[in-house]
Amino acid sequence: MTSTAPDVHTPAGIIRLCNAFCDAKALLTAVELDLFTVLHPGPATEDELRRRLNLHGRGLSDFLHLLAALGLLEKEGEQYRNAAGADQYLVRDTPGYVGGFLHRANNNLYPAWGLLTEALRTGKPQAVGDFEQVIQNPQVLGQFIRMMDALTQVLGPQLVEAFDWSGSRTLTDVGGCRGNMAAQIVAANPGLAGNVFDLPQMAPFFTEHMANLGLSDRVTFHGGNFFHDPIPPADLVVVGHVLHDFDRDQRKFLVHKACEAVNPGGALVVYDRMLDEEPNHVENLVISLDMLLVSDGGSEYPASEVREHAAEAGFTSFTERPLGDYDTLVVCRKP
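Residues numbered from 1 in each chain as written. Predicted model: local features only at pLDDT ≥ 70, side-chain atom pairs only at ≥ 80, totals over all residues. Heavy atoms only, no water.

Chemist: Lay out the packing of helix H13 (residues 248-261) against helix H15 (residues 303-312) in plain terms, naming residues and giving numbers.
Modeler: For the pair H13 and H15, the least separation of the axes is 9 Å and the interaxial angle reads 50°. If you check the angle between H13 and H15, you find them oblique. H13 and H15 meet at a crossing whose hand is right-handed. Between H13, through Arg 248, Arg 251, Lys 252, Val 255, His 256 and Cys 259, and H15, the contact on the second element is made entirely by Glu 305, Val 306, Glu 308, His 309, Ala 310 and Glu 312. The residue makeup of the contact of H13 with H15, split by class, is four nonpolar, two polar and six charged. (Axes fitted to C-alpha atoms, helices over the stretch in contact; angles between N-to-C directions. Helix = DSSP H or I, 4+ residues; strand = E, 2+ residues; numbered from the N terminus. Parallel < 35°, antiparallel > 145°, perpendicular 65-115°, else oblique. Left-handed = near helix turned anticlockwise from the far one by under 90°. Contact = heavy atoms within 4.5 Å. Nonpolar A, V, L, I, M, F, W, Y, C, P; charged D, E, K, R; others polar.)

Structural data, given as structure tokens:
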């Protein structure tokens, strides 16, 4: 996998790359202000936006013009409206909304990246607070869940199509949050019953979400800690966007434990922002550095590592393929 970056062979290209954080912060600020939700009903002038968003006004014209130059807004006469992508994915309380991830980036990752030098010197995370604090605060936990939903909402339909779920009767999503990914898979496969295994604090969010989706009778929540508690056995055990939170030894432990939960003849299904053997994919390398900044030992990893751990657990058949724009899907089958 490759990724496009500015031309760093010229001074202008280097400076453009240097200023890329400004583009990102403009987007994050627009989401923080809920600008795209405000514009969803229809176009508005600069002065109307100033009043609706309770802004001073200085710099607003440049801010709106920048968002238009970035392709997030469109300007016609004196009015601004959402561009198609922003209207589909950045309007709060709509099915495609991915703002949960952007709120996390703004509140957690953006400040942490300002301390990348310190992280590289010390090897220690730089984000404020740890996940233990997140799960103890329902409001902050809700923000984390919305971030996870933003990822699974985009990736879910692609995962449903990428694997044949029809021959199995049970599925367990390890670290499945409030069940958004499991719900999409189960909804697309009437013969499949789902389990979600995650920390007990996720249970109220899960119950509410399944009730809203009409899947309370088909997806069951199991509270526990996957380092200490047994994973509910199933024909298919899914581990998605979980392993990168941990170091290699912990990943090995979790893969082995997930393999034990797979019924004979079943499969371990792993997806993550995996790295190539010679990494050159900008987006996934950025995510790997995110893990440096927010976790004690996490990083992205190559698909070969998953295959190695699963082979040690007795699995004999392995396939891998790209999933979505950035993920890799690895399927390990149990004899």
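Moving on from the coordinates now.
Chemist: With reference to specific residues and values, describe the packing of aromatic side chains.
Modeler: For the structure on display, the rule yields six aromatic pairs. Centroid distance Phe 206 to Phe 221: 5.3 Å. Interplanar angle 40°. Geometry classified as tilted. You can see Phe 206 sitting in helix H12 (residues 203-213) and its partner Phe 221 sitting in strand E6 (residues 219-223), a full 15 residues away along the chain. Judged by relative accessible area, Phe 206 falls into the buried class, the value being 6%. Seen in terms of ring centroids, Phe 226 and Phe 246 are 6.0 Å apart; in terms of plane orientation they differ by 85°. Their pairing is edge-to-face. Of the two residues, Phe 226 sits in the loop between E6 and strand E7 (234-240) while Phe 246 sits in the loop between E7 and H13, which places them 20 residues apart along the sequence. (Phe/Tyr/Trp six-rings, centres within 6.5 Å; stacked < 30°, edge-to-face > 60°. Buried < 20%, exposed > 50% of the residue type's maximum accessible area, 1.4 Å probe, protein only.)

Just distances and angles here, no functional claims.
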